[in-house]
Amino acid sequence: MRPNYAQDAPPTSISVGGVNYRCNVDYRVWIEVLRRMRKIDPSAQSPDQMRENLRRIDEIECLVFGGVLAEEDPAGVLAAVAEFSRGYPGIPVQAEAGTPVFSFDWDINAIVIAIRNQSGIDLSYRRTEPFHWWEFLLEFQTLCGEHYILNLMEARSYRGRDRELLRRKRMCALPAEESDDDRAAAEAFNALFEGGGGEGETNEAD
């Protein structure tokens with residue numbers, strides 16, 4: 001039988017290369033892990049790109065394990081971390097291409113409040129002890145009713161032609177995720193206005 005919440009406690013370690021490594025299981029850590037995993041470039045080919053990927057994997061390892069697993073292959077570590085991030089096994093779902101309907105980065109407040117209102121579990125800043133990522137996923141996946149986050153997700157997933165519903169979809173849309181290239185361009189643009197005089201200023205002597 002597949003691992004399940006009725007019989008199996010969520011794991012506190014991840015197996016890499018046949019060795020079990022104790023890991024940080026708190027949901028806040030794993031939200032950050034997912035964010036950093038999205039930054040890894042699977043098409044990296046140049047030495048610089050590959051080094052950047054390795055640096056990001058090192059950061060993920062530090063978050064998950066408290067340090068880099070120097071004896072393990074980074075690709076194997078990343079695969080094991082990605083598998084752990086899925087939580088308890090469930091029915092395979094074929095993801096549809098299109099606009100994301102939720103973001104742990106942007107929707108975390110609505111998600112935490114919905115979990116509190118449905119299950120009575122307070123995952124806010126007041127909670128000092130860890131809350132297991134797998135349990136967090138179960139709480140999120142089983143939300144039902146009229147929670148605000150579910151309304152947002154429904155609005156974002158609308159595919160019809162109703163003008164009012166399309167307007168709400170636009171209002172609820174998640175911001176486009178900024179790429180590294182976007183950030184670099186913005187920093188270069190901002191640098192033009194740093195350190196050198198203000199608008200309309202000249203260097204002419206009096």
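Our subject is the structure that appears above.
A brief look at the structure comes next. As the structure is a computational prediction, the values presented were derived from the model and not from experiment.

By the definition in use, this model includes 13 salt bridges. The closest approach of N and O atoms between Asp-26 and Arg-28, which form a salt bridge, is 2.8 Å. What makes Asp-26 buried here is its relative accessible area of 7%. Since its relative accessible area comes to 35%, Arg-28 is described here as partly exposed. In this structure, the salt-bridge partner of Glu-52 is Arg-56, at a minimum N-O distance of 3.4 Å. Here Glu-52 and its partner Arg-56 are both found in helix H2 (residues 47-65), 4 residues apart, which amounts to about one turn of the helix. Here Glu-52 falls in the partly exposed class, since its relative accessible area comes to 27%. Shared partners join several salt bridges into a network, and the residues in it are Glu-32, Arg-35, Arg-36, Glu-52, Arg-55, Arg-56 and Glu-59.

Once that is clear, we can look at the environment of Glu-32. Topologically, Glu-32 is positioned in helix H1 (residues 27-37). Expressed as a C-alpha distance, the spacing of Glu-32 and Ile-60, which sit 28 residues apart in the sequence, is 8.7 Å. Here Arg-36 takes part through its side chain, which lies 2.7 Å from a polar atom of the side chain of Glu-32.

It is worth spelling out the side chain of His-132 at this point. For His-132, the position within the fold is in the loop between helix H4 (104-119) and helix H5 (133-141). Taking relative accessible area as the criterion, His-132 reaches 6% and is therefore assigned buried. Within polar-contact distance, the side chain of His-132 engages the backbone nitrogen of Trp-134 at 3.0 Å. Sequence-distant contacts of His-132, that is, excluding residues within four places in its chain, are made with Pro-10, Pro-11, Val-25 and Phe-84.

Glancing now at H4. The end-to-end C-alpha distance of H4 is 19 Å, clearly below the 22 Å that 16 residues give at a rise of 1.5 Å each. At Ala-110, H4 shows its largest bend, some 35°. On its buried side, H4 packs onto H1, H5 and helix H6 (148-156). The N-cap residue of H4 is Ser-103: its side-chain oxygen and the backbone nitrogen of Asp-105 are 3.2 Å apart. Phi turns positive one or two residues past the end of H4, at Gly-120, with a value near 80°.

A few words now on H2. Within an α-helix, residues lying three or four positions from one another point in the same direction, as the helix has 3.6 residues per turn. An ideal rise of 1.5 Å per residue puts 27 Å on 19 residues; H2 measures up with 26 Å between its terminal C-alpha atoms. Taken together, the buried positions of H2 are Asn-53, Arg-56, Ile-57, Ile-60, Glu-61, Val-64 and Phe-65. Viewed along the axis of H2, the buried residues span an arc of 150°, placing them on a single side of the element. Exposed residues lying more than 90 degrees from the buried face of H2 are Pro-47, Asp-48 and Arg-51. Two residues or fewer after H2 comes Gly-66, characterised by a positive phi angle close to 85°.

Right, let's get into the nonpolar core. The biggest cluster of nonpolar side chains holds 44 residues, and the ones touching the most others in it are Phe-65, Trp-133, Phe-136 and Ile-149. Put simply, the parts of the chain that give this core at least two residues each are strand S1 (13-16), H1, H2, helix H3 (74-84), H4, H5 and H6.

Turning our attention to the pairing of strand S2 (residues 19-22). One ladder, built from 4 bridges, connects S1 with S2; its direction is antiparallel. Within S2, the position partnered with Ile-14 by the bridge is Tyr-21. Linkage of S1 to S2, two consecutive antiparallel strands, is achieved through a turn of 2 residues, within which Gly-17 is found at a positive phi near 60°.

What follows covers the packing of H2 against H3. For the pair H2 and H3, interaxial distance at closest approach is 10 Å and the crossing angle is 50°. In terms of their interaxial angle, H2 and H3 are classed as oblique. In terms of crossing hand, the pair formed by H2 and H3 is left-handed. Packed against H2, whose contacting residues are Leu-54, Ile-57, Ile-60, Glu-61, Val-64 and Phe-65, the element H3 presents Pro-74, Val-77, Leu-78 and Val-81 at the interface.

About the criteria used
- Residues numbered from 1 in each chain as written.
- Predicted model: local features only at pLDDT ≥ 70, side-chain atom pairs only at ≥ 80, totals over all residues.
- Heavy atoms only, no water.
- Salt bridge = Lys/Arg side-chain N within 4 Å of Asp/Glu carboxyl O.
- Buried < 20%, exposed > 50% of the residue type's maximum accessible area, 1.4 Å probe, protein only.
- Helix = DSSP H or I, 4+ residues; strand = E, 2+ residues; numbered from the N terminus.
- Polar contact = N/O pair within 3.5 Å; in protein donor to acceptor, adjacent residues only side chain to side chain.
- Contact = heavy atoms within 4.5 Å.
- Expected span 1.5 Å × (residues − 1).
- Bend = angle between axes of the 7 residues up to and from the residue.
- Arc of directions from axis to C-beta.
- Core = buried A, V, L, I, M, F, W, Y, C linked by side-chain atoms within 4.5 Å.
- Pairing = 2+ DSSP bridges.
- Axes fitted to C-alpha atoms, helices over the stretch in contact; angles between N-to-C directions.
- Parallel < 35°, antiparallel > 145°, perpendicular 65-115°, else oblique.
- Left-handed = near helix turned anticlockwise from the far one by under 90°.

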